[in-house]
Structures are given as structure tokens and as C-alpha cells.
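# Analysis of the macromolecular model
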Amino acid sequence: MEIDAWVWWLIGAAALGIGLVITAMPELGMLAVGAVAAAVVAGVFGGDAVVQVVSFVLISTALIAVVRPIANRHRAQRPQLATGIEALKGKQAVVLERVDASGGRIKLAGEVWSARSLDTDRAYEVGQEVDVVDIEGATAIVM
């Protein structure tokens, strides 16, 4: 019993798909799509081995050349929505207890936080608005 070429291409595509799932390398997915294209060329159009390999190489290369740079650009972008302590940096707060280099209390985002002054020589009095520069543990650094 002889297995048709298109079946071998689909077996190769499945193997590449399994490799994609195991390694999370998107390039393997693009190669799998190229193998499916070669299976279509072999099964539907009856192309010979050279045409099948050329279609595999062309489709795979085109996908890697086009999709990979787009994926890399999206992977490098920082999230648009800041969450957690990153969302608190740059916010304004109101001083509840005098804040200096040794400590104090502020109201930040509706919660009471311990705080200390960024500038060791500076103190902020009750009712003053301050900017949150950083968060260290459970303490807001303000100026």
C-alpha cells in the first residue's frame, strides 16, 4: 500500500503543529501552514514533488517574512493599561498625616497608604497634594 504525497505533507504539518504546541515557537506554525499548502498542491492540483517543495518553501518563507516582524512588534509593546502599583505611579494623593523622609500617611486612590518624601529635606503638611513617584513595598514615595 502506497501513501499519497499529500498525506505525507499533512503528517508533516501535524508534526510541526505538535512542535508548535510543545515549544511555543510560532515559526513552526508557519512551516505547518506551508506543509498544508504543499498538501493542497499535491492532492488537489496533482503537482509533482518539485512544485510541492517550492510551494512549501514559498508559503513558509512568505509567512515568516511577513508575520514574524508583526508578532515581534506586538510582543515588544508595553501594555496600554497599567495595573497594580504601576497604575499608581504618577497619581496625585492627599496628605493625611505629615509626610517627611521618615514617614507619614496619604490618601491614594481612595486608600490610606504609608508614605515618605523622596527629598529627605522636604516635608508635606496635612491637606497638601503630592505626586506619587514610586511604590516601595507598601510605602508610596512622594514629592
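Notes on the structure in this doc start here. (Residues numbered from 1 in each chain as written. Predicted model: local features only at pLDDT ≥ 70, side-chain atom pairs only at ≥ 80, totals over all residues. Heavy atoms only, no water.)

### Observations concerning the overall build of the protein
When helices and strands are counted, the protein shows four helices and five strands. Secondary structure elements of the protein occur, N-terminal to C-terminal, as α-α-α-α-β-β-β-β-β. The dimensions of the protein, computed from C-alpha atoms along their principal axes, are 85 × 25 × 25 Å. Per-residue burial for the protein yields a buried fraction of 27% across its 143 residues. Intrachain contacts of the protein at a sequence separation of at least 6 include 49% that bridge at least 24 residues. A total accessible area of about 9,300 Å² is found for the protein, and carbon and sulfur atoms account for 63% of it. For the protein, the centre of its 11 positive side-chain charges and the centre of its 15 negative side-chain charges are spaced 5 Å apart. (Helix = DSSP H or I, 4+ residues; strand = E, 2+ residues; numbered from the N terminus. Buried < 20%, exposed > 50% of the residue type's maximum accessible area, 1.4 Å probe, protein only. Contact = heavy atoms within 4.5 Å. Areas by Shrake-Rupley, 256 points an atom, 1.4 Å probe, with all protein chains shown as cover. Lys, Arg positive; Asp, Glu negative; His and termini not counted. Charge placed at Lys NZ, Arg CZ, Asp CG, Glu CD.)

### Some words on the packing of helix H1 (residues 5-23) against helix H2 (residues 26-43)
Two numbers describe how H1 lies on H2: the axes approach to 8 Å, and their chain directions differ by 170°. Considering the angle they form, H1 stands roughly antiparallel to H2. Across from Ala5, Trp6, Trp9, Leu10, Ala13, Leu16, Gly17, Gly19, Leu20 and Thr23 in H1, the residues of H2 making contact are Pro26, Leu28, Gly29, Leu31, Ala32, Ala35, Val36, Ala38, Ala39, Ala42 and Gly43. By residue class, the composition of the contact of H1 with H2 is 16 nonpolar, five polar and no charged. (Axes fitted to C-alpha atoms, helices over the stretch in contact; angles between N-to-C directions. Parallel < 35°, antiparallel > 145°, perpendicular 65-115°, else oblique. Nonpolar A, V, L, I, M, F, W, Y, C, P; charged D, E, K, R; others polar.)

### Here's the deal with the pairing of strand E1 (residues 92-100)
Bridge count between E1 and strand E4 (residues 129-136): three bridges; the pairing is antiparallel. Looking at the pairing, glutamine 92 lines up with aspartate 131 of E4. The sheet contact formed by E1 and strand E2 (residues 103-108) spans four bridges and is antiparallel. Of the residues in E2, the one forming a bridge with valine 95 is isoleucine 106. Connecting the antiparallel pair E1 and E2 is a turn made up of two residues. (Pairing = 2+ DSSP bridges.)

### Digging into unusual backbone geometry
Here the phi dihedral of alanine 24 falls at roughly 60°; this positive angle occurs in a residue that is not glycine. Classification of alanine 24 as exposed rests on a relative accessible area of 61%. One non-glycine residue, alanine 109, lies in the positive phi region at around 55°.

So far we have only geometry, and geometry alone does not tell us how the molecule works.
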